[in-house]
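Breakdown of the fold
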Amino acid sequence: MSRSSLLALVTDAFGGFGGIAQYNRDLLTALASDYRIEVLPRHAPNQVGELAASPHQHKARQGRLAYAATAVTFSWHLRPDIVFCGHLFMAPLAALISRATGARLVVQFHGIEAWDAPRRLSRAAIERADLALCVSRYTRARVLSWSSLSPQRVVVLPNTVRDQFTPGNRTRARARFNLGEERVLLSVSRLDARERYKGQGSVIAALPNIVRANFNVTYLIAGEGDDRSRLECLAEEHGVRCRVRFLGKVATETLPDLYRAADLLVLPSTGEGFGIVFIESMACGTPALGLSKAGANDALCDGELGISVNGEDLADAICRALRHPSLAPAALAAEVQRRFGRQQFTERARALMNRFAQ
Amino acid sequence: MCGLNGIYAYHAAANAPTDAELTRTRGFMAARGPDGAGTWWSADRRIGFGHRRLSILDLSPKADQPMISEDGRFILVFNGEIYNSPELRSELERLGISFITKSDTEVILNLYRIIGKKIVERLRGMFAIGIWDTIKGELFIARDPYGIKPLYYSDDGWTFRFASQVKALIAGGGIGRESEPAGLVGFHLWGHIPDPFTLYREIRALPAGHTMIVDRWGARQPERYFSIAEVLASAKTARLSPSDRADLIKEQVAQSVRAHLLADVEVGVFLSAGVDSGAVLGLAGDAGLSKPRAITLGFSEFQGTSDDERHMSEKIAKYYGAEHIVRTVGKDEFIRDIPRILADMDQPTIDGINSWFVAKAAREIGLKVALSGLGGDELLAGYPSFTDVPRWWRRYRWLAGVPGAGFVTRLLLRTLFPTLVASRPKVAYVFDYAASWEGSYLLRRGLFMPPELCHWLDPEIMRVGLNRLRPLDRLRNTLTPDPGSDGARVCALESTHYMRDQLLRDADWAGMSHGLEIRTPLVDALLLRDVAPAIHGLHPGDGKRALAGSPRRSLPAFVTERAKTGFSVPIGAWLEAIDDRHDSVSVSTNGQTSRSWARSVLTSQLTGEPEPHAPKQAAA
């Protein structure tokens, strides 16, 4: 019997960078054994690399009209059984195709883009969905607050963690980043002026108090973007410039060692859809600290897996986390795998698609 | 009749549920089950059940819950009564199944082992059920056909929680209190919160006549197994003579009352001056209930008016040889009890105060179970709506269908008859809504009309709420498939909305806050199925005459010829004492008081913290 076909309309997936692209790659790979998948991305800035027959990714179409025209033409020939809409802003197009071809509609919600009610057209399109996947409970709750989707059709499929994120040789990892005996705080995220909610500035502001508490501390900031100069100035202002190191964009294959090298991943973000870096860090055995806000609660498991700061002074919370590390690296990594591991993700993705979109 | 709850952390990422939360939710429902408390946890601690017991059948601890099947596979929590449990037990015993208790709980458990979720089609009675299958790793929840017993759930995407009360779920501490726009809109439209919505966005009701499965992938869509419209529609081809109709009603009502007497404790009767409760009292006596205690609620403010039911009910009690207990409530007692009433009220409602006081009276004399005539008006065309709704639809639908007719009429009425519109605001909307059955019914039962909501609700809440609730679509769905006759349509509308979402909800919270099980023999799926052929030909008055003639000694003429008054409470006069904004008139005679009371209730429910009450002890 031939497999069902799935047309994925995504911003980026294979060859993309960032959390959304990663999620799309993970999801489409998880479903590849059940569906014949055709991926139509808006962007693919990096090398796509070798892909199996499914998912099969087509050439990126950057312009809106070109993308829409390609998607409609493509769907007409493919006659997909399922249309997967990887981003809210593509929902009207995905709903149109779904309606025209009779395909089931699956919509993906990541984070901040879905927290407030979208325009009427997008809302109407989304409310046609057979299945809405949300990366966190918070995103799900927000979607349910403005849409009339049945709650049973809005389900949580959290981010997963890739296989390379495991505990490893910490000494070697620290040496790789020229780290000595100091305690190392780490943030990993884009440095985008529109995403200051990520909170690196708060960590810089907390550093003087952490130093006063007798911690010889270095703060590593991985990621690049137009907010870097502001953060550099902020470090100067607080007199901790020598303790803050900007690493720029870190290659994917280097990330595991970076997490292993750190004592604590810190991302006091107020706007995470989920916060994949939290689980990547913990999968490498390094504890993670975030705010008890939005999707970060899921990655931190309400404070049972990571450290969830709720109304407490950030410097105090970091000091306490440095003094009292939680689980041993191997135990922490095992717990991440149990909750967010690839196997869990794949089984859940397949089961949900089977239940709602067949 | 009990309180049940459960927590299931179905998602692999979810933290294991805590004993503290399970116990907090269960503890909130202590008044529902003063006779025992139990918990059960799965070996992996991913799912737990809690239960508070009000023992009615098999009073021994062997029948405590959660109950585990003999083979250890199934774990059950149950709230309600299964009136055909003796017959089901015999069936099961013939299959070689042995029982260790005399409870209906064990019957459900064993029946589920054999037929699974089809069990709901075999149970006669009222129930909310939760069953965990340890082999399949599956939670099954179900609610009776009419929704007599409540069952609420919350699913945050990781963890599924359920309980008999909304406030109990909130008290557990794991659920947010963000308001549900559809609940707020529904409350303003009808004076109660319509299922499946609640006051809170994160909590929903399992609709009446539905089941639901939750497994490790999450909750599935609720599945309907019963529809009043379908039952009525399937019987519409029957052709019965008036006397056959009356005979059918008499026979089936008698059977239902007999079935509803199943208990190992004393069963009392709520008695008003009307046909329904009088007939239930007479039929209970026919079925062998010896010298039952009948309780009547009276209000000193009604003395000497047609609303005073004490004298008439005393004559009915004497007629049927019942011991009559009159409980008179006055303004002082109301003012003293109002904080407790509002705390006991699980969801905002503009009614239920009468049920609360009569339940209090029943518990004071030591009763655990009482029969009520609730449902007679809906089943047997007792309300004025059975005349009004078809008449309005026929009379006004042509003009109401003309575009702009509603607007012009409103303008004219407000200009020419401002006093009329002020005292009867819904008059202004006749030509907006009378074009359809559902619209006519909304006019009849509505507290506020949709266009009026903008005076009370934030525009965004109103928009989201109306979009989610779709009030006219909801009502229209009640008439799908078409029940087939005027009487059957109104029966379906009244039974599905006013009775199910208001009267039955009120009977539950009001009764359970006193640890009293209120049984409703005239609200019974089997009874509906059996009398459905008779409902189609009923003219207003016919059904009640048949009901009055059901007992071996028919209700006397002084009852059947009495004008219908409803069961009202002098709430206007009482509210005047605590708040001088209210008019001194009773709820049943002035819509403005209902509206004002509705606003007070909603404010108290939105701002108050859930407060559990200790089980109330009987005075006797």
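Residues numbered from 1 in each chain as written. Chains lettered and ligands numbered in written order. Predicted model: local features only at pLDDT ≥ 70, side-chain atom pairs only at ≥ 80, totals over all residues.

Bringing the overall build of chain A into the picture now. Along the backbone of chain A there are 14 helices and 13 strands. Expected size for 358 residues packed as a compact globule is a radius of gyration near 21 Å; at 21 Å, chain A falls within 12% of this value. Taking the principal axes of its C-alpha atoms as reference, chain A extends roughly 65 × 40 × 35 Å. Looking at chain A as a whole, 51% of its 358 residues are labelled buried. (Helix = DSSP H or I, 4+ residues; strand = E, 2+ residues; numbered from the N terminus. Rg over C-alpha atoms; globule rule 2.2 N^0.38 Å. Buried ≥ 20, exposed ≤ 12 C-beta atoms within 10 Å, placed from the backbone.)

Moving on, we get to the overall build of chain B. Summing up its helical and strand segments, chain B has 25 helices and 18 strands in all. The C-alpha atoms of chain B give a radius of gyration of 24 Å, which matches the 25 Å a tight globule of 620 residues would have. Projected onto its principal axes, the C-alpha positions of chain B cover 75 × 60 × 55 Å. Burial status across chain B gives 56% buried among its 620 residues. Put simply, of all contacts in chain B between residues at least 6 apart along the chain, 72% involve residues at least 24 apart. (Contact = placed C-beta atoms within 7 Å.)

Moving on, we come to helix α7 (residues 242–259) of chain B. Residue and element names in this part refer to chain B. Look at α7: 26 Å from first C-alpha to last across 18 residues, which is about the 26 Å you get at 1.5 Å a residue. Among the residues making up α7, those that are buried are Arg-245, Ala-246, Ile-249, Lys-250, Gln-252, Val-253, Ala-254, Ser-256, Val-257 and Ala-259. Where α7 is buried, its residues contact α8 (275–286), α21 (525–535) and α22 (542–548). (Expected span 1.5 Å × (residues − 1).)

Right, let's talk about the interface of chain A and chain B for a bit. Opposite the 25 residues of chain A that make contact, chain B presents 18 residues. Listed by contribution, the elements that provide at least two residues to the side of chain A that touches chain B are α5 (137–146), β7 (154–156), α13 (329–340) and α14 (342–356) of chain A.

All names here are of chain A. On the basis of which strands lie adjacent, the open sheet formed by six strands has the order β10-β9-β8-β11-β12-β13 and parallel pairing. Across the chains shown, the open sheet's two edge strands, defined by having one partner strand only, are β10 (244–248) and β13 (307–309). Within the sheet, the average angular offset between the axes of one strand and its neighbour, ignoring direction, is 25°. In this structure, strand β11 (residues 264–267) lies alongside strand β12 (residues 288–291), joined through three bridges in parallel fashion. Each bridged residue has a counterpart across the sheet, and for Leu-267 the counterpart in β12 is Gly-290. (Pairing = 2+ DSSP bridges. Axes fitted to C-alpha atoms, helices over the stretch in contact; angles between N-to-C directions.)

Residue and element names in this part refer to chain B. Two elements in contact, α7 and α21, have axes separated by 9 Å at closest approach and are oriented at 170°. Taken together, α7 and α21 sit at an angle that is classed as roughly antiparallel. Here Arg-245, Leu-248, Ile-249, Gln-252, Val-253 and Ser-256 of α7 lie close against α21, whose contacting residues are Leu-527, Asp-530, Val-531, Pro-533 and Ala-534. The residue inventory of the contact of α7 with α21, partitioned by class, reads seven nonpolar, two polar and two charged. (Parallel < 35°, antiparallel > 145°, perpendicular 65-115°, else oblique. Nonpolar A, V, L, I, M, F, W, Y, C, P; charged D, E, K, R; others polar.)

On to unusual backbone geometry, then. In this model, Gln-65 of chain B is joined to Pro-66 of chain B through a cis peptide bond whose omega is 0°. As for its placement among the helices and strands, Pro-66 of chain B is situated in the loop between β3 (47–53) and β4 (67–68). Positive phi is not limited to glycine here, since Arg-79 of chain A has a value of about 50°. When you line up the elements, Arg-79 of chain A lands in the loop between α2 (64–78) and β4 (82–85). Looking at Arg-79 of chain A, the number of C-beta atoms within 10 Å reads 12, which means it is exposed. Within the chain, Cys-301 of chain A stands out as a residue other than glycine whose phi angle is a positive 55°. For Cys-301 of chain A, the location among the structural elements is in the loop between α11 (296–299) and β13. Cys-301 of chain A sits in the buried class, given 21 other C-beta atoms within 10 Å.

Here we take up the pairing of β3 of chain B. Where a strand is regular, its side chains alternate between the two sheet faces. All names here are of chain B. In terms of burial, β3 is largely enclosed, as seven of its seven residues are buried. Both faces of β3 are covered, namely the face carrying Ile-47, Phe-49, His-51 and Arg-53 and the face carrying Gly-48, Gly-50 and Arg-52. One ladder, built from seven bridges, connects strand β1 (residues 2–9) with β3; its direction is antiparallel. Of the residues in β3, the one forming a bridge with Gly-6 is Phe-49. In terms of strand pairing, strand β2 (residues 36–41) meets β3 through six bridges, oriented antiparallel. Residue pairing for β3: Trp-41 is matched across the bridge by Gly-48. The antiparallel pairing of β2 with β3 creates a hairpin that spans five residues between the two strands, and Arg-45 there sits at a positive phi of about 60°.

Residues and elements named next belong to chain B. Here six strands make up an open sheet; going across it, the order is β2-β3-β1-β9-β8-β10 and the pairing antiparallel. Strands at the two margins of the open sheet, each flanked by one partner only, are β2 and β10 (204–205). Relative to strand β9 (residues 159–163), β1 runs antiparallel, the two being bridged by five bridges. Its bridge partner lying in β9, Gly-6 is registered against Phe-162.

Let us look at the nonpolar core. Considering soluble globular proteins, one finds that nonpolar side chains tend to be buried as a cluster. Counting 301 residues, the largest nonpolar core has Leu-9, Leu-185, Leu-265 and Ile-318 of chain A together with Leu-232 of chain B as its most contacted members. A per-element tally of this core places helix α20 (residues 486–512) of chain B first, with 13 residues. Leave out the neighbours within four places in its chain, and Leu-185 of chain A touches Val-203, Val-217, Tyr-219, Leu-220, Ala-262, Asp-263, Leu-264, Val-266 and Ile-318 of chain A. (Core = buried A, V, L, I, M, F, W, Y, C linked by C-beta atoms within 7 Å.)

Turning next to the packing of helix α2 (residues 85–94) of chain B against helix α3 (residues 104–115) of chain B. Residue and element names in this part refer to chain B. One way to put it is that α2 packs onto α3 with a least axis distance of 10 Å and a crossing angle of 45°. Between α2 and α3, the crossing angle belongs to the class labelled oblique. Both α2 and α3 take part in a crossing whose hand is left-handed. Contacts between α2 and α3 involve Ser-85, Leu-88, Arg-89 and Leu-92 from the former and Asp-104, Val-107, Asn-110 and Leu-111 from the latter. Classifying every residue of the contact of α2 with α3 gives four nonpolar, two polar and two charged. (Left-handed = near helix turned anticlockwise from the far one by under 90°.)

So, about the environment of Leu-144 of chain A. Note that Leu-144 of chain A resides in helix α5. Note on Leu-144 of chain A: 22 C-beta atoms within 10 Å, which makes it buried. When sequence neighbours within four positions are dropped, the list of residues in contact with Leu-144 of chain A reads Leu-149, Pro-151 and Val-154 of chain A together with Arg-201 of chain B.

Side chains of residues three or four places apart in an α-helix project in the same direction, reflecting 3.6 residues per turn. All names here are of chain B. Along helix α17 (residues 437–445), nine of the nine residues are buried, which leaves the element largely enclosed by surrounding structure. Buried residues of α17: Trp-437, Glu-438, Gly-439, Ser-440, Tyr-441, Leu-442, Leu-443, Arg-444 and Arg-445, and no others. Where α17 is buried, its residues touch α5 (181–190), α13 (385–400), α16 (430–433), α19 (471–478) and α20.

A few words now on the confidence of the model for chain B. Residues and elements named next belong to chain B. Looking at chain B as a whole, the pLDDT averages 90, with 94% of positions reaching at least 70. Between residues 580–589, whose pLDDT stays under 50, and residues either more than four places distant or in other chains, the model counts 30 contacts. Across residues 613–620, where pLDDT falls below 50, the model places 19 contacts with residues more than four positions away in sequence or in other chains. (pLDDT = per-residue confidence, 0-100.)

Residues and elements named next belong to chain B. Examined against the element boundaries, Leu-380 turns out to sit in the loop between α12 (376–379) and α13. For the pair Leu-380 and Ala-532, spaced 152 residues apart in sequence, the C-alpha to C-alpha distance is 10.0 Å. In this view, Leu-380 contacts Ile-249, Leu-538, Gly-543, Lys-544 and Leu-547; residues no more than four positions away in its chain are not counted.

All names here are of chain B. Summarising the element assignment, Leu-184 is placed in helix α5. Each C-alpha atom of the pair Leu-184 and Leu-602 lies 8.7 Å from the other, and the pair is 418 residues apart in sequence. Aside from chain neighbours lying at most four places away, what touches Leu-184 is Ser-179, Leu-457, Ile-461 and Gly-465.

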